Amino acid sequence: MGMNNLGNPDPTRKALFVEPEATLVTPVQTIPTQFDSQAARRPDESCVFVIFGASGDLTSRKLVPALYNLECQGLLPAGVAVLGFAITPMDDESFRDSMHKAVQSSAEVACYNETTWASFVSRLHYVTAAFDDPTAFATLHDTLDQLDRAHGCGGNTLYYLATSPAFYGQVVDQLGAHNLTEPRRPGAWTRIIVEKPFGRDVTSAAKLNDQIHRSFHEAQVYRIDHYLGKETVRNILAFRFANSILEPLWNREHIDHVQITAAETLGVEHRGKYYDGAGALRDMFQNHLFQLMALVAMEPPVKYNGDLVRDRKADVLRSIVPITRERLAIEAVRGQYGAGHIGSSAVAAYATEPDVNPKSRTETFAALKLRIDNWRWADVPFYIRSGKRLATKFTEIAITFKRVPKQFFNLGPHEVIDANVLTLRIQPDEGIALTFGVKSPGTDMVIRQMKMDFSYQSDFGESRATAYETLLLDAMEGDSTLFNRYDSVELSWQILQPVLDAWASDGAAWPLGIYPSGSWGPVASDVLLARDGRGWRNGG
Ligand code: BG6
């Protein structure tokens, strides 16, 4: 099929790094980066933003609040119109009312005011339609043209698949069949954002990729992962490659191991139906945690540009040593939360949560030991874990360096000098810390670990942009750097597939450790590291 103008972005536009000439004349503290010059990021082009599944949770909790926040900050191009498309019967007025309530009550909307709402609301439109109704797609052409004329959208279209994943294939087929993937006028673009989950295993992900590619060119496809829109996740690349002191140390010669943790105190809440068929590996590892690992481990790209960055991330995933059945017992751990306490509140066991099978074997906690078999990382284990109902909420990457080769300070026989640990805190207390040994004041030679700590909040104040704001702007600008490419998605599933298969096939062989809510997961998770003479850092 004919492909449209993909609106190639100017690769230098979003460069993370300042041009060398600028650094010569700009004081260090005020070097402008994309992080503090958001006003400059208003996209030049408008579009019709079509949300399939607009009556669902994602639209009211994330998408419309994000668009409204962009309006508040003056970052939403004047001609952007939003078209909700879903089976729930609504008209423009009732859709607007429902979005009004959503925006007013959203914790993510920092600046609600009636004036901004009044200018924002006129952008919102709605059509009631089923995803398998060809007439609805045939008439979508006219609706898009009308919105174009009314708002000045430039003929550009940005689709968002916010439906249940069961409808993804149907919607892209309909768009393809009705030529809705073509540019609506010369020079215009059409793109599609696809929400997670992207498949539930290697086969379904590949099938979905094929299905999407029958209607869209890969360069039109933006597979979203909200972790990649987090300020601190984007900072991983800036921190690694804007500091020359790090790169010489960032390898197997100096690093002992890496830990990546995403710990949540929340349970499954109202998402039992989805989660019970997914579990922690599908929900957190395949996407968010593997993306964090890829950013930490990747080689420097030639340029900060969609495909070049994504090539290097894919290399990392390609280098992972498969977790074979023989190694599964020592490289993978699963658990499920039982009843317990989060703070002082008693909370129920997973198996008693709404919409969860009381006999469920779904993991709400998983830990993996991964080995990246390449020149930089051979023999450096990456321990990755995530769980619900753990003791505290935090997401961090901790890089533990090798210990000093010899200590000669006449310390006690059992005293060792701790290794330096560099921690990249993703949330909630965003920042970067480095521990190092110092002599404790006094006559004795006592080495203590101290911390150099950078905090986003103290140095930059509250971060304004939520992940969805950043990523929606990127998609409007045609910058795919922070979206997942088809190959990375399939590679991530390939890493998990042996574990998923084994856990699904033979429950007894791979125990599901029931851990008390409010703990750090099943005992086997500690054993996973203890076997290597290491221990998890529980937010320390
Ligand atoms: C989502 C998962 O993708 O990420 C949820 O489906 C999880 O289960 C959430 O709670 C975690 O995101 P964050 O931004 O709160 O770390």
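In case you missed it, the structure is sitting above this.
This text gives an overview of the structure that appears in the document.

1. Quick look at the pattern of salt bridges
Item 1. Enumeration according to the criterion identifies 31 salt bridges in this entry.
Item 2. Of the charged contacts in the structure, one is a salt bridge between R376 and E247, with a shortest N-O distance of 2.8 Å. Within this pair, whereas R376 is found in the loop between strand 10 (365-371) and strand 11 (381-387), its partner E247 is found in the loop between helix 8 (231-241) and strand 7 (255-263), the two being separated by 129 residues in sequence.
Item 3. In this structure, R485 engages D311 in a salt bridge whose closest nitrogen and oxygen atoms are separated by 2.9 Å.

2. A short note on the site of the ligand
Item 1. By nearness alone, every residue bordering the ligand is listed as K196, H226, Y227, K230, E264, R271, D283, M284, H288, K388, K393 and Q427.
Item 2. Contact between the ligand and E264: an oxygen atom at 2.5 Å from a side-chain N or O atom of the residue.
Item 3. Between an oxygen atom of the ligand and a side-chain N or O atom of D283, the distance comes to 2.5 Å.
Item 4. Protein chains shield 81% of the accessible area of the ligand, which is 400 Å² for the free molecule.
Item 5. No other element matches the three residues that helix 10 (residues 280-297) contributes to the shell around the ligand.
Item 6. Here the shell around the ligand is built from residues that sort into two nonpolar, three polar and seven charged.

3. Quick notes on the state of the cysteines
Item 1. If you walk through the whole model with that rule in mind, you get one disulfide.
Item 2. Free of any disulfide, C47 has its nearest cysteine sulfur in C153, 7.2 Å distant.
Item 3. In this structure C47 comes out as buried when scored by relative accessible area, which is 0%.
Item 4. Of the residues examined, C153 reaches a relative accessible area of 0% and is grouped as buried.

4. Notes on helix 2 (residues 57-72)
Item 1. Counted at 1.5 Å a residue, the expected span for helix 2 with its 16 residues is 22 Å, and the 22 Å between its end C-alpha atoms agrees.
Item 2. The sharpest bend along helix 2 comes to roughly 30°, located at L63, with the proline P65 sitting one to four residues further on.
Item 3. Counting buried positions over the 16 residues of helix 2 gives twelve, a clear majority of the element.
Item 4. For helix 2, the set of buried residues is L58, T59, K62, L63, V64, P65, A66, L67, Y68, N69, L70 and E71.
Item 5. Where helix 2 is buried, its residues meet strand 1 (48-52), strand 2 (81-86), helix 3 (92-105), helix 4 (114-121), strand 4 (157-161) and helix 14 (467-477).
Item 6. Two residues or fewer past helix 2, G74 is found with a positive phi of approximately 70°.

5. Things to note about helix 15 (residues 486-505)
Item 1. Between its terminal C-alpha atoms helix 15 stretches 27 Å, which fits the 28 Å expected from 20 residues at 1.5 Å a residue.
Item 2. For helix 15, the principal kink sits at L496 and spans about 45°; a proline, P498, occurs within the next four residues.
Item 3. Buried residues dominate helix 15, accounting for 14 of its 20 residues.

6. Quick notes on the environment of N374
Item 1. By secondary structure assignment, the location of N374 is in the loop between strand 10 and strand 11.
Item 2. At 2.9 Å, the side chain of N374 and the backbone nitrogen of W377 are in polar contact.

7. Description of unusual backbone geometry
Item 1. The residue after K196, namely P197, is reached through a cis peptide bond having omega 0°.
Item 2. Among the secondary structure elements, P197 is positioned in the loop between strand 5 (190-194) and helix 7 (202-215).
Item 3. In the segment running from Q427 into P428, the intervening peptide bond is cis, with an omega of 0°.
Item 4. Take P428: it is sitting in the loop between strand 13 (421-427) and strand 14 (431-439).
Item 5. One non-glycine residue, E269, lies in the positive phi region at around 50°.
Item 6. With respect to the helices and strands, the residue E269 is situated in the loop between strand 7 and helix 9 (272-276).
Item 7. Taking relative accessible area as the criterion, E269 reaches 41% and is therefore assigned partly exposed.
Item 8. Look at D355: it is not a glycine, yet its phi comes out positive at around 65°.

So, how was this worked out
Residues numbered from 1 in each chain as written. Predicted model: local features only at pLDDT ≥ 70, side-chain atom pairs only at ≥ 80, totals over all residues. Heavy atoms only, no water. Salt bridge = Lys/Arg side-chain N within 4 Å of Asp/Glu carboxyl O. Helix = DSSP H or I, 4+ residues; strand = E, 2+ residues; numbered from the N terminus. Near = heavy atom within 4 Å. Polar contact = N/O pair within 3.5 Å; in protein donor to acceptor, adjacent residues only side chain to side chain. Areas by Shrake-Rupley, 256 points an atom, 1.4 Å probe, with all protein chains shown as cover. Nonpolar A, V, L, I, M, F, W, Y, C, P; charged D, E, K, R; others polar. Disulfide = S-S within 2.5 Å. Buried < 20%, exposed > 50% of the residue type's maximum accessible area, 1.4 Å probe, protein only. Expected span 1.5 Å × (residues − 1). Bend = angle between axes of the 7 residues up to and from the residue. Contact = heavy atoms within 4.5 Å.

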